[in-house]
Amino acid sequence: MKIHEYQAKAILKKYGVAVPRGEMAENRDQAEAAAKTLFDSGASGVVVKAQIHAGGRGKGGGVKIAKSVEEASELASKMLGMTLITHQTGAEGRVVRRLLVEETLPIQRELYLGIVIDRAEAKPVFMASVAGGMEIEKVAVENPNAILKEYITPGMGLEALAFQETDSSLMEINPFITCSDGRLFALDAKMNFDDSALFRHPELKELRDITEEDPLEVEASKYSLNYIKLDGNVGCMVNGAGLAMATMDIIKYAGGMPANFLDVGGGANAEQVTHAFEILLSDKNVKAVLINIFGGILRVDTLARGVVEAANKTHIHLPVVLRLEGTNVEQGREILKQSGLNFIVAETMKDAAEKVVMAAKGT
């Protein structure tokens, strides 16, 4: 789960990290009031920052400096409701619904600080670089020696209190600045949290902004379905993340492009399968559907009932290719046969991929 910059800064502040004075605003009046408060308390300027879940806001026109309350108000009016396009939003961009209005600071030097999980080492790794204010991914490729790394072993040596206590998967301060008057500040902040640990943090769960997420992904999360929208036209429904990844690979190998990652999980019931089917079909780019199930915990007959129920409910006209193996596979195939629906049954994954790619192309 991602959160906004202003929310990340509030968390850092609780752990004693200095952040610029500022307030979140959802309309022009709130932005103007925030700017007035800052100017009245001695700020020489304010910065108006669009709050979206994407980097590159400055280059996209989402970060502007104002030297007066009136200028800040005018900037807020223009920024709220605009579609901000950055290298991370894609061509569709993101609508700006919230702003952060905060004081400007006498910046002397910009640094980078961050903590992420290194999955190969199974440990958090603390990173620091003099290349602050830049895209750290670009620095890692072009000048990896500019990034210092220190692995964190819980309970020993360097401790990552905020990172560990919030079950973060990523925590960045970029830039971390030094000021000409000697003060230090987190000028920008980014945090992601482990979705599987949110049950331990109801206060963090409340920070979720679903307007920043794909509507289909939000809908899928209501039914405990793991769904990620992609750019292709072959809808995929699979049980198990590993099989889902392999299914997407073999679709590409067959010359197609997957429209999504959708893992219904090992213990899905007929209702979840029905909702999964409805979510797949809500993507207007989908031209054909591949259902690839290995029945273990999720029995094939359960899956088949859900597919038939969903197909009848949605009046599907798209071609549906099924590759089914595992527990109760014969019962599942019989349910599909008796349904009267025109499903395409494949014998192997390769066969299924080739058939669904041809179906998506209309051949």
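Described below are features of the structure shown in this document.

Considering the overall build of the protein
1) Next: Along its length, the protein carries twelve helices and 18 strands.
2) Next: Referenced to the eigenvectors of the C-alpha coordinate spread, the extents of the protein come out at roughly 75 × 50 × 40 Å.
3) Next: Here the protein holds 363 residues, and 48% of them are scored as buried.
4) Next: For the protein, the proportion of contacts with a sequence separation of at least 24, taken over those separated by at least 6, is 69%.
5) Next: Side-chain charges in the protein split into 40 positive and 49 negative, and the spacing between the mean points of these groups amounts to 2 Å.

Focus: the packing of helix 10 (residues 300-314) against helix 11 (residues 329-338)
1) Next: Where helix 10 meets helix 11, the axes come as close as 7 Å, and the angle between the chain directions of the two elements is 15 degrees. In terms of their interaxial angle, helix 10 and helix 11 are classed as roughly parallel. Regarding helix 10 and helix 11, the two cross each other, and that crossing is right-handed. Contact with helix 10, carried on its side by Val-300, Asp-301, Ala-304, Arg-305 and Val-308, involves Val-329, Gln-331, Gly-332, Ile-335 and Leu-336 of helix 11 and no other residues of that element.
2) Next: Residues of the contact of helix 10 with helix 11, tallied by class, amount to six nonpolar, two polar and two charged.

Structural notes on the nonpolar core
1) Next: The biggest cluster of nonpolar side chains holds 33 residues, and the ones touching the most others in it are Met-237, Phe-277 and Ile-291.
2) Next: Those elements that place two or more of their residues in this core are helix 7 (215-221), helix 9 (270-282), strand 16 (288-295), helix 10, strand 17 (320-326) and helix 11.
3) Next: At seven residues, the largest contribution of residues to this core is made by helix 10.
4) Next: The contact partners of Phe-277, leaving out residues within four places of it in the chain, are Met-237, Ile-291, Val-307, Ala-310, Ala-311, Thr-314, Ile-316 and Val-320.

What about the layout of surface pockets?
1) Next: Counted as a void, the second largest pocket has a volume near 350 Å³.
2) Next: Elements with a contribution of two residues or more to the lining of the second largest pocket: strand 7 (107-118), helix 5 (161-165) and strand 10 (168-179).
3) Next: Residue composition of the lining of the second largest pocket, grouped by class: 14 nonpolar, one polar and two charged.

Description of the sheet that holds strand 1 (residues 22-25)
1) Next: Ordered by their spatial adjacency, four strands build an open sheet running 1-6-2-3, and the pairing between neighbours is antiparallel. Strands at the two margins of the open sheet, each flanked by one partner only, are strand 1 and strand 3 (63-66). Pairs of neighbouring strands in the sheet enclose a mean axial angle of 20 degrees, with direction left out of account.
2) Next: As judged from the four bridges shared by strand 1 and strand 6 (residues 99-103), these two strands associate in the antiparallel manner. Counted as the bridge partner of Ala-25 is Leu-99 from strand 6.
3) Next: Across the sheet, helix 1 (residues 5-14) is in contact with strand 1, strand 2 (46-50) and strand 6; its angle to strand 6 comes to roughly 50 degrees.

Description of the environment of Glu-219
1) Next: With respect to the secondary-structure elements, Glu-219 resides in helix 7.
2) Next: Through-space distance from the C-alpha of Glu-219 to that of Ala-276 is 9.5 Å; in sequence the pair is 57 residues apart.

Description of helix 8 (residues 241-253)
1) Next: Its 13 residues give helix 8 an end-to-end C-alpha distance of 18 Å, which sits within 8% of 18 Å, the value for a rise of 1.5 Å per residue.
2) Next: Residues Leu-243, Ala-244, Thr-247, Met-248 and Ile-251 constitute the buried set of helix 8. Each buried residue of helix 8 lies within a common arc of 140 degrees when the element is viewed along its axis, so the set occupies one face. In helix 8, the exposed positions angled more than 90 degrees off the buried face are occupied by Gly-242, Asp-249 and Tyr-253.

Some thoughts on the pairing of strand 15 (residues 260-263)
Look at any regular strand and the pattern is simple: side chains alternate between the two faces of the sheet.
1) Next: Of the two faces of strand 15, both are covered, the one formed by Asn-260 and Leu-262 as well as the one formed by Phe-261 and Asp-263.
2) Next: Sheet topology places strand 13 (residues 226-229) next to strand 15; four bridges connect them, and they run antiparallel. Directly across from Lys-229, in strand 15, lies its bridge partner Asn-260.

Considering the pattern of salt bridges
1) Next: Evaluation of the coordinates by the stated rule reveals 23 salt bridges.
2) Next: The partner of Arg-21 in a salt bridge is Glu-103, and the shortest N-O contact between them spans 2.9 Å. Placement of the pair is Arg-21 in the loop between helix 1 and strand 1 and Glu-103 in strand 6, with a sequence separation of 82 residues.
3) Next: By relative accessible area, which is 36% here, Arg-21 ends up partly exposed.
4) Next: Glu-103 gets classed as buried once you look at its relative accessible area, which sits at 8%.
5) Next: Across the pair Lys-49 and Glu-102 runs a salt bridge whose closest N-O atoms are separated by 3.8 Å. Linking Lys-49 in strand 2 with Glu-102 in strand 6, this pair joins segments that are 53 residues apart in sequence.
6) Next: On the accessibility criterion, Lys-49 (7% relative accessible area) is buried.
7) Next: With relative accessibility at 1%, the residue Glu-102 sits in the buried group.

With respect to helix 3 (residues 69-79)
1) Next: Residues of helix 3 that are buried include every one of Val-69, Ala-72, Ser-73, Leu-75, Ala-76 and Met-79, and no others. Each buried residue of helix 3 sits inside an arc of 165 degrees when the element is viewed along its axis, so together they form one side. Looking at helix 3, the residues exposed on the side facing more than 90 degrees away from the buried face are Glu-70 and Lys-78.
2) Next: On its buried face, helix 3 is in contact with helix 2 (28-40), strand 2, strand 3 and strand 6.
3) Next: Of the residues trailing helix 3, Gly-81 is marked for its positive phi of about 90 degrees.

Rules and cut-offs
- Residues numbered from 1 in each chain as written.
- Predicted model: local features only at pLDDT ≥ 70, side-chain atom pairs only at ≥ 80, totals over all residues.
- Heavy atoms only, no water.
- Helix = DSSP H or I, 4+ residues; strand = E, 2+ residues; numbered from the N terminus.
- Buried < 20%, exposed > 50% of the residue type's maximum accessible area, 1.4 Å probe, protein only.
- Contact = heavy atoms within 4.5 Å.
- Lys, Arg positive; Asp, Glu negative; His and termini not counted.
- Charge placed at Lys NZ, Arg CZ, Asp CG, Glu CD.
- Axes fitted to C-alpha atoms, helices over the stretch in contact; angles between N-to-C directions.
- Parallel < 35°, antiparallel > 145°, perpendicular 65-115°, else oblique.
- Left-handed = near helix turned anticlockwise from the far one by under 90°.
- Nonpolar A, V, L, I, M, F, W, Y, C, P; charged D, E, K, R; others polar.
- Core = buried A, V, L, I, M, F, W, Y, C linked by side-chain atoms within 4.5 Å.
- 1 Å grid on protein atoms, 1.4 Å probe; cavity = no way out; pocket = protein on both sides within 12 Å on 5 of 7 lines; lining within 4 Å.
- Points joined across faces, edges and corners; volume = space filled by probe spheres on them.
- Pairing = 2+ DSSP bridges.
- Expected span 1.5 Å × (residues − 1).
- Arc of directions from axis to C-beta.
- Salt bridge = Lys/Arg side-chain N within 4 Å of Asp/Glu carboxyl O.

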